[in-house]
Amino acid sequence: MQGMWGRYALFIVLALLILVGNMWLMSWLAPPRPAEEVAKEQPAAEEPADAPAPGQLGEDPDEPAGEEEQKPAGDEAQPPPTDDDKAAEPAEEFPRRWLTLGSIDPRGPFRFGATVDSQGAALSRIELSSDNFHDLEWEGGYMGHVTMDPLATGDGAPVQVVPPGSPAEQAGLKVGDVITAFGKQNTRGFADLEQATRKGDPGDTVELTVQRGGKSLTLPLTLRRRPLEVVRPEGQDPTSLLMTLSRLDDQELGDIDLDDSELDDAKEKPRPAGLSRELKGVDLRRANWEVVKHSQTEVVFRRPMAGSGLEVFKTYRLVAVPEEARKDANHPAYHLDFEIEIRNAGEAPRKLAYLLDGPTGLPTEGYWYASKVGSSGLRDVVVSLGGRQPVLVSGDDIANGDWGSVWKGEPVSFVGVDAQYFSAVLIPQRDDPQAILFEESRPIRVGPVDPQWKKLANVTFRVESVAHEIAPSTSLVQKFTLFAGPKKPDLLARYGLSGIINYGWFWWVAIPMLWILHGFYAVVRNYGIAIVLLTVLVRLSMFPLSRKQALSAQKMQELAPEIKKIQEKHKGNAEAKMRAQQELFRKHNYNPLAGCLPLFFQLPIFIGLYRSLMVDVELRQAPLISEAIRWCSNLAAPDMLFNWSWLMPEFITSGRGMFGLGPYFNVLPLVAVAIFLWQQKMFMPPPTDEQSAMQQTMMKYMMVFMGVLFYKVAAGLCIYFIASSLWSIAERKFLPKSHPPAAGAPPAPAPARSSLANLFSGRNGDKDSQRRAAVDRKKTRKGR
């Protein structure tokens, strides 16, 4: 291609090819498998259709395991033991309850609020309290998740839990209330209440009509922005941190089958929530557990197993942030301390092992534009064995049934579910880091998968403990830390999780650029301006190279008439034409490849910035102007000027495929393409023949095509493109104008440098060009 724009177009094409090739090579060179791969798991199709087979979860995921302890069942730190007679009675029936830990008040001492469910003693939801982490896809108001059962219908929406720090608590709602109207809209259940809040806006004040103790009350409620949920219920999929026994004496879960009616039912329709295999007499997933203790920082559940003499306890604890550390955004308080205790209150020793399933429902925000480094899914399973570099298993592979190998024979340092900007990771707590707590671990799929959206598959992990023998009147205790929060490098480092952030091959560019970007932000307090300053810094540092590229393009314009003459003179003789062109280039000291050199320096910077936007949670909610303006309120996402779903066909608004542009009209990519075309028109030399005219026409179409490919890129990257292009235009304006050489005249000396060029070159002129001009003048005089 001729001219600067030919090279610029080549740069963009090469950048795209490198990005695609990088993702392919990463998946090929670093496949989602641990180093010591073991025998592959049997496909789910060979398991009973209703069973939560290897790789498919039929019920809620549970918690992980920690360090083993043998201690008396009467330990003061634990709830009081149960005697043999009580343990032998049929299992007690307990009411279903939802309880809370922490608070979602941004000014409070907790980093998040958690909701736990007595059914299965499961973790239902974790909502971050900071105003820096809102739900970016929920455009309505938020009052708090007060109705937990999505199937609840009747005379109103029952208030089953009131999250501390929520607008519902501030309005005075109480558990047991029934919301019959939200403003002017009647509410008959969960769906009506959610629809009503979606129609509201943050800051709106509405009146709730509530039934309490047979009386009707009116409560004013002020909506706010919805906080981000790191863990959440997702449709009919199971909730988080469920457990059951995989072995009890001679019984093993693998030998237990569902009855035929359940299998047939599961084949005909999606798996019902709560349906899962358990050993005979064991009902830990589906049954309601007794609430032994509840406070704002601790919940203790208990479940006796009828006739076995065993009791199981689950404990969740949440730490508060000390007053002096509340301004430290990286204080390590984004976790739950989680504990499992299995007591043997009988008279005989029992040998057992348990299964634990991990957290589910991590965020899938930006499903139509988001992508993860090194993965084709939006939720992946990450594991570190023996303290080594974590291994990532793509959620897309898990959705396809390729869960890979079971991890065996090595200590699990941590295992978790990883989303683009947030993670939920289980860290076993033990005295010996090399102790093997789990017989095997594996990634699994949760619930059904939409074939068109496999990247959205809900995935988690399952661990099976090694077998333990519990003597009478003793307990097996295992402890964990469940991290659930943003992927901030300094924060993750305090949990030993730094390795889960993946910057790709160009980490050596991405990380320094993020440091510089955050440094600019600390001064200007706006990431949009900080990106512009970063662009200026990059272009200034590359000015000598870009000037050389521009001068090379000008030289090509000067030589264009001579090249046209050579093409006409040697028409039909390609070899002679090539020799003549090379002689012309040598005569004028022109290297056609010199202008391409800056491309190889710009590509790592371009890819590094692209990777930075994909992984840096600080840019996720950073607005270009203000959070009060919805347009361009997230520099890590497209600018989303307005929703055009009502106007465009589904294949465009779906976000699938090359031409799936998404449900929003984005203006910044169009501005970037318009500046590209304007720059091309300003500086592209007139075509010298039909071939060059064809090339320039193709370049115009290529720019439009590149606009389609980059339509869904982050707004921050578009700002970089726009600022860089405007800099290029200004840079060309400062260069001296070129003039074609007169026919038969010796090559003109290089034009004098501008003061700006001299500043960066460190000298007052191109001495090499001057020497060459002097030599040419001597030759001319001798010829005379």
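The structure contained in this document is the topic of the report that follows. (Residues numbered from 1 in each chain as written. Predicted model: local features only at pLDDT ≥ 70, side-chain atom pairs only at ≥ 80, totals over all residues. Heavy atoms only, no water.)

1. Considerations on helix H10 (residues 543-569)
When the terminal C-alpha atoms of H10 are compared, their 38 Å separation across 27 residues agrees well with the 39 Å that a helix rising 1.5 Å per residue should span. At Leu559, H10 shows its strongest bend, of approximately 45°, with the proline Pro561 following within four residues. (Helix = DSSP H or I, 4+ residues; strand = E, 2+ residues; numbered from the N terminus. Expected span 1.5 Å × (residues − 1). Bend = angle between axes of the 7 residues up to and from the residue.)

2. Comments concerning the side chain of Glu278
By the element assignment, Glu278 lies in the loop between helix H5 (260-268) and strand S14 (290-294). Buried and unpaired, Glu278 has Arg286 as its nearest opposite-charge partner, separated by 4.0 Å. Side-chain polar atoms of Glu278 contact the side chain of Thr244, separated by 2.5 Å. From its side chain, Glu278 meets the backbone nitrogen of Arg285 in a polar contact 3.3 Å long. (Buried < 20%, exposed > 50% of the residue type's maximum accessible area, 1.4 Å probe, protein only. Lys, Arg positive; Asp, Glu negative; His and termini not counted. Salt bridge = Lys/Arg side-chain N within 4 Å of Asp/Glu carboxyl O. Polar contact = N/O pair within 3.5 Å; in protein donor to acceptor, adjacent residues only side chain to side chain.)

3. Digging into the environment of Lys293
Along the polypeptide, Lys293 turns up in strand S14. Taking the C-alpha atoms as reference, Lys293 lies 9.1 Å from Thr315; in sequence the two are 22 residues apart. Not counting chain neighbours up to four residues away, the residues in contact with Lys293 comprise Glu298, Val299 and Val300. Within the local environment of Lys293, its side chain forms a polar contact with the side chain of Glu298, the two groups lying 2.8 Å apart. (Contact = heavy atoms within 4.5 Å.)

4. Comments concerning the packing of aromatic side chains
By convention here, two paired aromatic rings are described through the distance between centres and the angle between planes. In this structure the tally under the stated criterion is 16 aromatic pairs. Aromatic pair Phe676 and Phe721: ring centres 6.1 Å apart, planes at 75°, arrangement edge-to-face. One end of the pair, Phe676, is in helix H14 (residues 668-683); the other, Phe721, is in helix H16 (residues 715-734), and 45 residues separate them in sequence. For the pair Phe676 and Phe721, one class covers both residues: buried. Taking the centre distance of 5.8 Å and the plane angle of 90° together, the rings of Phe710 and Phe721 count as edge-to-face. A residue pair is termed long-range when its members are at least 10 positions apart, and Phe710 in the loop between helix H15 (690-709) and H16 and Phe721 in helix H16 qualify at eleven residues. Note on accessibility: Phe710 and Phe721 belong to one class, buried. Linked through ring pairs, Phe301, Tyr316, Phe338 and Phe480 together constitute an aromatic cluster. (Phe/Tyr/Trp six-rings, centres within 6.5 Å; stacked < 30°, edge-to-face > 60°.)

5. Describing the packing of helix H9 (residues 527-541) against H10
Taken N-terminus to C-terminus, the directions of H9 and H10 make an angle of 65°; their axes are 5 Å apart at the nearest point. Judged by the angle between their axes, H9 and H10 are roughly perpendicular. In contact with Arg539, Leu540 and Ser541 of H9, H10 contributes Phe543, Pro544 and Ser546. Here the residues of the contact of H9 with H10 are counted per class, giving three nonpolar, two polar and one charged. (Axes fitted to C-alpha atoms, helices over the stretch in contact; angles between N-to-C directions. Parallel < 35°, antiparallel > 145°, perpendicular 65-115°, else oblique. Nonpolar A, V, L, I, M, F, W, Y, C, P; charged D, E, K, R; others polar.)

6. Points about the state of the cysteines
Inspection of the entire model under this criterion finds zero disulfides. The thiol of Cys718 is unpaired, and the distance to the nearest cysteine sulfur, on Cys632, comes to 8.6 Å. Judged by its relative accessible area of 3%, Cys718 falls in the buried class. (Disulfide = S-S within 2.5 Å.)

7. Details of the pattern of salt bridges
According to the stated counting rule, one finds 34 salt bridges in the structure shown. Linking Arg188 and Asp192 is a salt bridge whose minimum nitrogen-to-oxygen distance equals 3.5 Å. Between Asp283 and Arg286 there is a salt bridge, with the nearest N and O atoms lying 4.0 Å from each other.

8. Description of the pairing of strand S25 (residues 459-465)
Remark: a regular strand shows side chains that alternate across the two faces of the sheet. Burial analysis of S25 places six of its seven residues in the buried class, which makes it a mostly covered element. One ladder, built from three bridges, connects strand S18 (residues 350-357) with S25; its direction is antiparallel. Of the residues in S25, the one forming a bridge with Asp357 is Arg462. As paired elements, strand S24 (residues 438-446) and S25 share seven bridges and run antiparallel to each other. Note that in S25 the partner of Phe438 across the bridge is Ser465. (Pairing = 2+ DSSP bridges.)

9. Things to note about the sheet that holds strand S3 (residues 98-102)
The strand order S3-S4-S5-S11 describes an open sheet built from four strands, whose pairing is antiparallel. The open sheet terminates on both sides in strands that have one partner only, identified here as S3 and strand S11 (229-231). Averaged over neighbouring strand pairs, the angle between their axes works out to 25° when direction is ignored. Here two bridges tie strand S5 (residues 122-128) to S11, and the two strands are oriented antiparallel to one another.

10. A short note on unusual backbone geometry
At Ser473, a residue that is not glycine, the phi angle is positive and equals roughly 65°. Position of Ser473 relative to the elements: it lies in the loop between strand S26 (468-470) and strand S27 (474-486). The class of Ser473 is partly exposed, set by a relative accessible area of 44%. Located in the positive-phi region is Arg525, a residue other than glycine, with phi close to 60°. Along the polypeptide, Arg525 turns up in the loop between helix H8 (507-524) and H9. Accessibility expressed as a relative area gives 54% for Arg525, which makes it exposed.

11. What about the environment of Pro106?
Mapped onto the elements, Pro106 comes out in the loop between S3 and strand S4 (112-117). Each C-alpha atom of the pair Pro106 and Gly165 lies 8.0 Å from the other, and the pair is 59 residues apart in sequence. Excluding its chain neighbours within four sequence positions, the residues that come into contact with Pro106 are Ser129, Asp131 and Arg224.

12. Let's talk about helix H11 (residues 574-587)
Between its terminal C-alpha atoms H11 stretches 20 Å, which fits the 20 Å expected from 14 residues at 1.5 Å a residue. Buried within H11 we find Ala576, Gln581, Leu584 and Phe585. Those residues of H11 that are buried lie in contact with H10. Asn589, located one to two residues past H11, shows a positive phi value of around 55°.

All we've got here are geometric facts, nothing functional implied.
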